[in-house]
Amino acid sequence: MSSDFVYRELELVIDAENLINGAFKVVKQLRQNWLFDRMKFQIFTGGLTNKLIGIHHNGDQSDTILVRVYGVNTERIIDHKNEIRILQFLNTSGLGSKIYASFNNGLAYQYLFGRILDEQSCYDAMIYPLVAAKMAHIHLQMTKYKTNSAVDEHKSVLWDKINSFIALSSDTCEEGKSGQLNKQRNFPSKAKLKQEFEWLKTHLDKFKSPLVLCHNDLLLGNILYDEKSNVVHFIDFEYAGPNYQAYDIANHFNEISGENLWARYPNEGFRRDWLEAYLKVFDNCQYLDETKLKRMLNEIEHFRLASHFFCGAWGIYQAANSKLDFDFISYSNSRLQEYYRVKSTLLPSNSLE
């Protein structure tokens, strides 16, 4: 396996229904000495919107290339060029995989070894501090990232993303309209979502959580643990960008709850231990400021709202635009119900605003 590589932009369009043939076209331009009959192809099924296939040659899994084909119309809500910039930046910082090439509807990049975390391993005392430390290292890259990307240091990607989800959901979520969204009782109208969006933005702005370089989608399927090297890797940076520090942590806590959002939400003891591991890296210290620790734990609880609202709005967008065989309605409904439940717990007097 060569340690040297040059990023390439390929003029190719890959048919998502013929992944092996398409992946071969990409790989032949990256590894010209690879022979088709000696290639091993593995199609991954964990993704929801994208198609992903891994390829290695002659039994050498250490040089496995992943080819990802973007989901149809994902460019409407995902800045794929921004993802490539972030992947390239993180790789130069030693925090991400090599990106070998992009093509018209996807990209090719290095396979990172490890097993995906599950609802048990994410609580393992040997693993979760590594996750916390990895997040802290990525968050600390914000200053360097700003210098290299001329990014607006005062603007989070969060609000534009949510706003685009609501705007692109068209009228299918309006009360009184026909369509699958209205089959759910008490599903919020587009107007109410916009109203709630404005309330949430105003509420969370009060906390002054710092903007850092965030993953923004740190669900269990996007975390790999390499037991042999005792390291974790984050993958799938489609939604990455400058965002609130408390959001990235809150979103991770929400996501490790799995489908049963309320019953499996990590308890206060775990959240505190996780945050201690994070702050030891982020603040480069061994002795933590108890006041700061308590303040951040409180901020994170409030930013859970943004995580649930983001996912609920994403589900609404997908329900109106996606042709995938997935129940986006139920998913969105569960996240929005949890949003209102958490809101009523944190702010009882404002829960009906």
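Residues numbered from 1 in each chain as written. Predicted model: local features only at pLDDT ≥ 70, side-chain atom pairs only at ≥ 80, totals over all residues. Heavy atoms only, no water.

The name given to the protein chain in an unreviewed UniProt entry is ethanolamine kinase, with Daphnia galeata as the source organism. What UniProt states about the protein chain under its Pathway (unreviewed entry) heading is, verbatim, "Phospholipid metabolism; phosphatidylethanolamine biosynthesis; phosphatidylethanolamine from ethanolamine: step 1/3." (UniProt positions renumbered as here; feature names shortened; annotations may be inferred.)

Caption draft 1: Local environment of the sheet that holds strand 9 (residues 223-226). Across the sheet, which stays open at both edges, the three strands sit in the order 7-9-10 with antiparallel pairing between neighbours. Edge strands, defined here as strands with exactly one partner in the open sheet, are strand 7 (115-116) and strand 10 (231-234). Bridge count between strand 9 and strand 10: four bridges; the pairing is antiparallel. Bridging across to strand 10, Ile223 finds its partner in Phe234. Lying over the sheet, helix 3 (residues 128-139) contacts strand 9 and strand 10, oriented at roughly 50° with respect to strand 10. (Pairing = 2+ DSSP bridges. Helix = DSSP H or I, 4+ residues; strand = E, 2+ residues; numbered from the N terminus. Contact = heavy atoms within 4.5 Å. Axes fitted to C-alpha atoms, helices over the stretch in contact; angles between N-to-C directions.)

Caption draft 2: Structural view of a nonpolar patch on the surface. Judged by side-chain polarity, Ile20, Phe36 and Ile43 come together as a nonpolar surface patch covering roughly 270 Å² of accessible area. The topology assignment puts Ile20 in helix 1 (residues 19-30). Accessibility expressed as a relative area gives 34% for Ile20, which makes it partly exposed. (Patch = residues over 30% accessible without salt bridge, like charges linked within 9 Å, V, L, I, M, F, W, Y side chains within 5 Å. Areas by Shrake-Rupley, 256 points an atom, 1.4 Å probe, with all protein chains shown as cover. Salt bridge = Lys/Arg side-chain N within 4 Å of Asp/Glu carboxyl O. Buried < 20%, exposed > 50% of the residue type's maximum accessible area, 1.4 Å probe, protein only.)

Caption draft 3: Representation of the packing of helix 5 (residues 157-167) against helix 9 (residues 290-321). At their nearest, the axes of helix 5 and helix 9 sit 8 Å apart, and the two run at 35° to each other. For the element pair helix 5 and helix 9, the recorded crossing hand is left-handed. Residues Leu158, Lys161, Ile162, Phe165 and Ile166 of helix 5 pack against Ala306, Phe309, Phe310, Ala313, Trp314 and Tyr317 of helix 9. Looking at the contact of helix 5 with helix 9 residue by residue, the classes come out as ten nonpolar, no polar and one charged. (Left-handed = near helix turned anticlockwise from the far one by under 90°. Nonpolar A, V, L, I, M, F, W, Y, C, P; charged D, E, K, R; others polar.)

Caption draft 4: Structural view of the packing of helix 8 (residues 268-282) against helix 9. Contact geometry for helix 8 and helix 9: axes closest at 11 Å, N-to-C directions at 115°. Crossing of helix 8 over helix 9 shows right-handed handedness. Note on element contacts: helix 9 touches helix 8 through Glu290, Lys292, Leu293, Met296, Leu297, Ile300 and Glu301, opposite Arg271, Arg272, Leu275, Glu276, Tyr278 and Leu279. Partitioning the contact of helix 8 with helix 9 into residue classes produces seven nonpolar, no polar and six charged.

Caption draft 5: Region of interest: the environment of Tyr239. Of note, Tyr239 is situated in the loop between strand 10 and strand 11 (241-244). Exposure remark for Tyr239: the relative accessible area of 10% places this residue in the buried category. Residues Tyr239 and Lys161 lie 78 residues apart in sequence; the distance between their C-alpha atoms is 8.9 Å. If we skip the residues at most four places from it in the chain, Tyr239 touches Ile77, Ile78, Val157, Lys161, Phe165, His215, Asn216, Asp217, Phe310 and Trp314.

Caption draft 6: Main features of the nonpolar core. Trp274 and Tyr278 are the most contacted members of the largest nonpolar core, which totals 84 residues. In contact with Trp274, not counting residues within four places along its chain, are Tyr128, Val131, Ala132, Met135, Ile249, His252 and Phe253. By size, the runner-up hydrophobic cluster in this structure holds 20 residues, among which are Leu19, Trp34, Val67 and Val69. (Core = buried A, V, L, I, M, F, W, Y, C linked by side-chain atoms within 4.5 Å.)

Caption draft 7: Here's a closer look at the side chain of Asn251. Along the chain, the position of Asn251 falls in helix 7 (residues 245-255). Classification of Asn251 as buried rests on a relative accessible area of 1%. Setting aside anything within four residues of it in sequence, one finds Asn251 in contact with Asn216, Asp217, Leu218 and Ser307.

Caption draft 8: Inspection of the sheet that holds strand 3 (residues 51-57) at higher detail. Across the sheet, which stays open at both edges, the six strands sit in the order 1-5-6-4-3-2 with mixed pairing between neighbours. The sheet is open, and its two edges are formed by strand 1 (8-9) and strand 2 (39-44), each paired on a single side. As defined by bridge partners, strand 1 adjoins strand 5 (residues 99-103) across two bridges and the pair is classed as parallel. Of the residues in strand 5, the one forming a bridge with Arg8 is Ala101. Most of the contacts of helix 2 (residues 80-92) go to strand 5, to which it runs at about 170°, and overall it touches strand 4 (60-69), strand 5 and strand 6 (106-110).

Caption draft 9: Highlighting the packing of aromatic side chains. Inspection of every chain in the model, using the stated rule, returns 24 aromatic pairs. Here Phe36 and Phe41 contribute two aromatic rings whose centre-to-centre distance is 5.7 Å and whose plane-to-plane angle is 45°, an arrangement assigned as tilted. Exposure remark for Phe41: the relative accessible area of 17% places this residue in the buried category. An angle of 90° between the planes, with centres 6.0 Å apart, marks the rings of Tyr239 and Phe310 as edge-to-face. One end of the pair, Tyr239, is in the loop between strand 10 and strand 11; the other, Phe310, is in helix 9, and 71 residues separate them in sequence. Like Phe310, Tyr239 is buried. Joined through ring pairs, the aromatic side chains of Trp159, Phe197, Phe207, Tyr244 and Phe303 make up one cluster. (Phe/Tyr/Trp six-rings, centres within 6.5 Å; stacked < 30°, edge-to-face > 60°.)

Caption draft 10: Region of the structure containing helix 8. Taking 1.5 Å per residue as the helical rise, helix 8 with its 15 residues ought to reach 21 Å, and the 20 Å between its terminal C-alpha atoms agrees with that figure. Listed as buried for helix 8 are Phe270, Arg271, Trp274, Leu275, Ala277, Tyr278, Leu279 and Phe282. You can read the cap of helix 8 off the contacts: a side-chain oxygen lies 3.1 Å from the backbone nitrogen of Gly269, and it is on Asn267. At the C-terminal side of helix 8, Asn284 shows a positive phi close to 50°. (Expected span 1.5 Å × (residues − 1). Polar contact = N/O pair within 3.5 Å; in protein donor to acceptor, adjacent residues only side chain to side chain.)

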